[in-house]
Amino acid sequence: MVQFLNFKTWLCCGVFSHAMATLRLFVGLVSPMALVDWLWILHPALAVVLVYPLIGIVIRLAMQTRSRRLKTSKPPATVGRDHSDLGRWLAAAVVGLVIVALTVVIATSGPLDQFQGGFRRAGTLLLVLIGTLLSLGALWMAKAPGLRLAFALITWAGVLGLGAQPEVWRLSDDPFSPAFWQSHYWSGVAVVGLMLFSLGARPEILRDLRLRRLHVTANLLAALLFVAQGITGTRDLLEIPLSWQKPTIYACNFETRSCPPLAPPAQASTP
């Protein structure tokens, strides 16, 4: 009996110690990240967890829908409706994801009491953000073609307006420079435009063969841009330091690829 109790005590203590060690490791891993750093990875995290899996599902359903239309195979009769419905959610998710990224970048560029332009500019940008979200919601519910076109254009204009702010990093705004075509931002807003077209013209795409072909072409371009987004987004994540590292990293000379020497660690005082 005593041996059983000793074994039980050892087991409980061992499991508890292992759990505490795991907790300390987890705290040690996440402790260098402040709240602002978690906000900065919200956009890529949502893209990896939500958007890119949805892209794969929509592409698969699109291939099945086409094969059913061409009678080269016999997928379920619901694939066309499923492709249309999930494509609608994908378009809205992509637009929402870009809005999240722009909002986080602008709102965390500095302390709120030192926001460039003051409360007047912050209020204006907040109205643009709210108007863009309301326009996206109205596009989702609108039935008339004219209204869908208007709300799609307003939503895209809102995204471009937020993206034009100085807090948003863009490699280049010159379309004749190579950096422009390597910019994560510009490929992102191009994808938003293609998604808004698919969302706004959805009823016409289902009825008109010419628009359906245009839709296929636009989505092939969108697929290539999504690949580019994955590459340039990963590149940009490597270039963004944690908030407490920025003063040191941004003091580096990026042309000569040199950094100032680090300050020596503080010596522990002896009693």
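Notes on the structure in this doc start here. In every chain, residue numbers begin from 1 and rise along the written sequence. Per-residue local features of the predicted model are confined to residues with pLDDT of at least 70, and side-chain atom pairs are confined, for both listing and counting, to 80 or more; whole-chain, interface and lining totals are unaffected and use all residues. To get the side-chain values, take all heavy atoms of the structure and skip hydrogens and water.

**Things to note about the overall build of the chain**
And then number 1: Counting from the N terminus, the helices are DSSP H or I runs at least four residues long and the strands are E runs at least two residues long. Helix and strand counts for the chain stand at 11 helices and zero strands.
And then number 2: Written out in order from the N terminus, the α and β elements of the chain read α-α-α-α-α-α-α-α-α-α-α.
And then number 3: Exposure categories follow from relative accessible area, calculated using a 1.4 Å probe and restricted to protein chains: below 20% of the type maximum is buried, above 50% is exposed, and the middle band is partly exposed. Burial analysis of the chain (271 residues in total) assigns 31% to the buried set.
And then number 4: Here, two residues are considered to be in contact whenever any of their heavy atoms come within 4.5 Å of each other. Taking all contacts inside the chain whose residues are at least 6 apart in sequence as the whole, residues at least 24 apart take part in 65%.
And then number 5: Surface summary for the chain: the accessible area is close to 18,200 Å², and the carbon and sulfur share equals 72%. Reported accessibility uses the Shrake-Rupley method at a 1.4 Å probe radius. Residues are deemed covered only where the shown protein chains occlude them.

**Thoughts on the side chain of T108**
And then number 1: By the element assignment, T108 lies in the loop between α4 (79-107) and α5 (118-141).
And then number 2: Polar contact criterion, stated in full: a pair of N or O atoms within 3.5 Å, where within protein one must be able to donate a hydrogen and the other to accept it, and residues adjacent in sequence count only if both atoms are side-chain atoms. Engagement of the side chain of T108 in a polar contact is seen with the side chain of W40, the distance being 2.8 Å.
And then number 3: For T108, the side chain forms a polar contact with the main-chain oxygen of V104, separated by 2.5 Å.
And then number 4: Residues in contact with T108, not counting those within four places in the same chain, are V36, L39 and W40.

**Remarks on the layout of surface pockets**
And then number 1: Grid points spaced at 1 Å over the protein atoms alone were grouped into cavities, where a 1.4 Å probe fits but cannot get out, and pockets, open sets with protein on both sides within 12 Å along at least five of seven lines, with lining residues defined by an atom within 4 Å of a point. Grid points are joined across faces, edges and corners, and a volume is the space filled by probe spheres set on the points. Within this model, the largest pocket holds a volume of roughly 1,300 Å³.
And then number 2: As for the largest pocket, its lining consists of 43 residues, and the residues nearest its centre are W40, W169, H184, D236 and I240.
And then number 3: For the lining of the largest pocket, the secondary-structure elements that each account for two or more residues are α2 (35-40), α3 (42-69), α4, α8 (184-200), α10 (209-239) and α11 (246-249).
And then number 4: No other element matches the 10 residues that α10 contributes to the lining of the largest pocket.
And then number 5: Three categories are distinguished: nonpolar for Ala, Val, Leu, Ile, Met, Phe, Trp, Tyr, Cys and Pro, charged for Asp, Glu, Lys and Arg, and polar for the others, with Gly belonging to the last. Classifying every residue of the lining of the largest pocket by side-chain character gives 27 nonpolar, 10 polar and six charged.

**A closer look at helix α6 (residues 145-163)**
And then number 1: Taking 1.5 Å of rise per residue, 19 residues should cover 27 Å, and α6 covers 27 Å from first to last C-alpha, within 8% of that figure.
And then number 2: Among the residues of α6, those classed as buried are R148, A152, T155, G158, V159, L162 and G163. With its buried residues spanning 135° around the axis, α6 presents them on a single face. Those residues of α6 that are exposed and angled more than 90 degrees off the buried face are L149 and L153.
And then number 3: Looking at the buried positions of α6, the neighbouring elements they touch are α4, α5, α8 and α9 (202-207). A helix is expected to reach a length of 1.5 Å times the quantity of its residues less one. Directions drawn from the helix axis to the C-beta atoms are what define this arc.

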